[in-house]
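Below, each chain spelled out in residue letters.
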Amino acid sequence: MRTDLTGQVIFITGAAGGIGSATARRLAREGASIVVADIDKAGAERVAAELPSALAVSLDVRKAADAERAVEATLERFGRIDVLVNNAGVNTFKDRVDIDAFPEEEWHRVVSIDLDGLYVVSRAVVRPMIERGRGRIVNIASVVGVTAMRLQSAFVAAKAGVIHLTRSMALELGPKGILVNSLAPGSVLTEGTKKLFYGEDGTFRAQMAGFMQHVPLGRPADVEEIAEGILFLCEPSNSYMTGHLLMVDGGWTAGFMF
Ligand SMILES: NC(=O)c1ccc[n+]([C@@H]2O[C@H](COP(=O)([O-])OP(=O)(O)OC[C@H]3O[C@@H](n4cnc5c(N)ncnc54)[C@H](O)[C@@H]3O)[C@@H](O)[C@H]2O)c1
């Protein structure tokens, strides 16, 4: 597939780190101008400074006023938004507990960022896309939105919501020239998840090695491998795909490794 994003303006939430920053770098390499949007303003500025054409914006995805301001700043700088990548997200690491003990605060924290935040940002960004009669949205879900996992009920529910919301947005926005797809990463090595995979001494933890036996490729993804999937969904020549869920999970959801 030809990949060329020259002249495209791509707005990525949660782009100060992890999958978001890797995606910003990858798409910029194809010629895109990147809006690096993150609650971590200093981090967003650091990533933007590395890229040839970029704007850092401070954005908490839960806040409609932040989203409106970020859209205005983008339109002022670049004149339009071609693609929105709804990537910002959090998971529960410390509160891995059964549903009957799942803390209410943690439930609301995860759902408000992972699901409500995606709605808040999409609503703001889609308006100028509708006016232009074209655009793309890529929503970052998770394998657990398809195949549930124990002890992470808020994350599992929010990501299932992201997948189905993607379909409903695709139905509404297709007639307006806007394609909406989602991508489900499996396990991905980021600064955050490295702590889960590697112990204090830097060796792969036995528990995670057991977990990886259920993944046909036998290892977590690097962030760059997820960015390749996102690039595929952004690429203008990939023009007849909407409402789709792209699994980038090393085969995790293909079946049982028994
Ligand atoms: N890492 C994985 O194993 C994995 C697996 C499946 C899905 N995902 C999904 O991929 C996406 C990126 O995850 P990651 O692992 O790169 O995470 P990460 O923690 O490395 O990065 C997330 C980014 O989002 C930003 N952020 C957090 N809350 C925000 C808010 N309220 N508003 C704006 N920005 C906010 C953070 O500052 C950070 O820069 C998330 O949606 C996550 O659920 C990750």
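Here the structure is a predicted model, which is why all the values come from computation and not from measurement. Each chain carries its own residue numbering, running from 1 in the direction its sequence is written. Per-residue local features of the predicted model are confined to residues with pLDDT of at least 70, and side-chain atom pairs are confined, for both listing and counting, to 80 or more; whole-chain, interface and lining totals are unaffected and use all residues.

## Regarding the overall build of the protein chain
- Numbering of helices and strands runs from the N terminus; a helix is a DSSP stretch of H or I covering at least four residues, while a strand is a stretch of E covering at least two. Across its full length, the protein chain carries eight helices and nine strands.
- Taken over C-alpha atoms, the radius of gyration comes to 18 Å for the protein chain, in line with the 18 Å a tight globule of 258 residues would show.
- Considering only C-alpha atoms, the protein chain reaches an extent of 50 × 40 × 35 Å along its principal axes.
- We call two residues in contact when the distance between their C-beta atoms, placed using the backbone, is within 7 Å. Here the contacts in the protein chain between residues at least 6 apart in sequence split such that 70% fall between residues at least 24 apart. Only C-alpha atoms enter the radius of gyration; for comparison, a globular chain is expected to reach 2.2 Å times N to the power 0.38, where N is the number of residues.

## As for the packing of helix α3 (residues 64-78) against helix α4 (residues 104-132)
- To define axes, lines are fitted to C-alpha atoms, for helices over the stretch in contact only, and angles between the resulting N-to-C directions are given on a 0 to 180 degree scale. Two elements in contact, α3 and α4, have axes separated by 9 Å at closest approach and are oriented at 30°. Relative to α4, the element α3 is oriented roughly parallel. Pair α3 / α4 crosses with right-handed handedness. Facing Ala64, Ala67, Glu68, Val71 and Leu75 of α3, the residues of α4 in contact are Val120, Val121, Ala124, Val125 and Pro128. Our angle categories are set so that under 35 degrees counts as roughly parallel, over 145 as roughly antiparallel, 65 to 115 as roughly perpendicular, and the remainder as oblique. Handedness of a crossing follows from how the near helix is turned relative to the far one, being left-handed for an anticlockwise turn of less than a right angle and right-handed for a clockwise one.

## Here's the deal with unusual backbone geometry
- The backbone phi angle of leucine 151 is positive, close to 65°, even though this residue is not glycine.
- Here leucine 151 is to be found in the loop between β5 (135-140) and α5 (153-173).
- To sort residues by exposure, count the other C-beta atoms lying within 10 Å of each residue's C-beta; 20 or more gives buried, 12 or fewer gives exposed, and values between give partly exposed, all with C-beta atoms placed from the backbone. In this structure leucine 151 comes out as partly exposed when scored by C-beta crowding, with 14 C-beta atoms within 10 Å.

## Here we look at the site of the ligand
- For each residue, a C-beta position is placed from the backbone atoms; the residue is near a molecule or strand when that point lies within 6 Å of it. In the vicinity of the ligand there are 30 residues, among which Gly14, Gly18, Ile19, Gly89 and Val188 approach most closely.
- Of all the secondary structure elements, the ones that give two or more residues to the shell around the ligand are α1 (18-29), α4 and α6 (191-197).
- Top element by residues in the shell around the ligand is α1. It accounts for three residues.
- Each residue is assigned to one of three groups, with Ala, Val, Leu, Ile, Met, Phe, Trp, Tyr, Cys and Pro labelled nonpolar, Asp, Glu, Lys and Arg labelled charged, and all others, Gly among them, labelled polar. Residues of the shell around the ligand, tallied by class, amount to 11 nonpolar, 15 polar and four charged.

## Details of the pairing of strand β3 (residues 54-58)
- Judged by how many residues are buried, β3 sits mostly within the fold: four of five residues are covered.
- Criterion used throughout: strands pair if DSSP finds at least two bridges between them. Inspection of the sheet shows strand β2 (residues 33-38) paired to β3 by five bridges, in the parallel sense. Note that in β3 the partner of aspartate 38 across the bridge is serine 58.
- Here a crossover is taken to be right-handed if, once the strands point away from the viewer, the path from the first strand over the helix to the second is traced clockwise. In terms of handedness, the path from β2 via helix α2 (residues 41-50) over to β3 forms a crossover that is right-handed.

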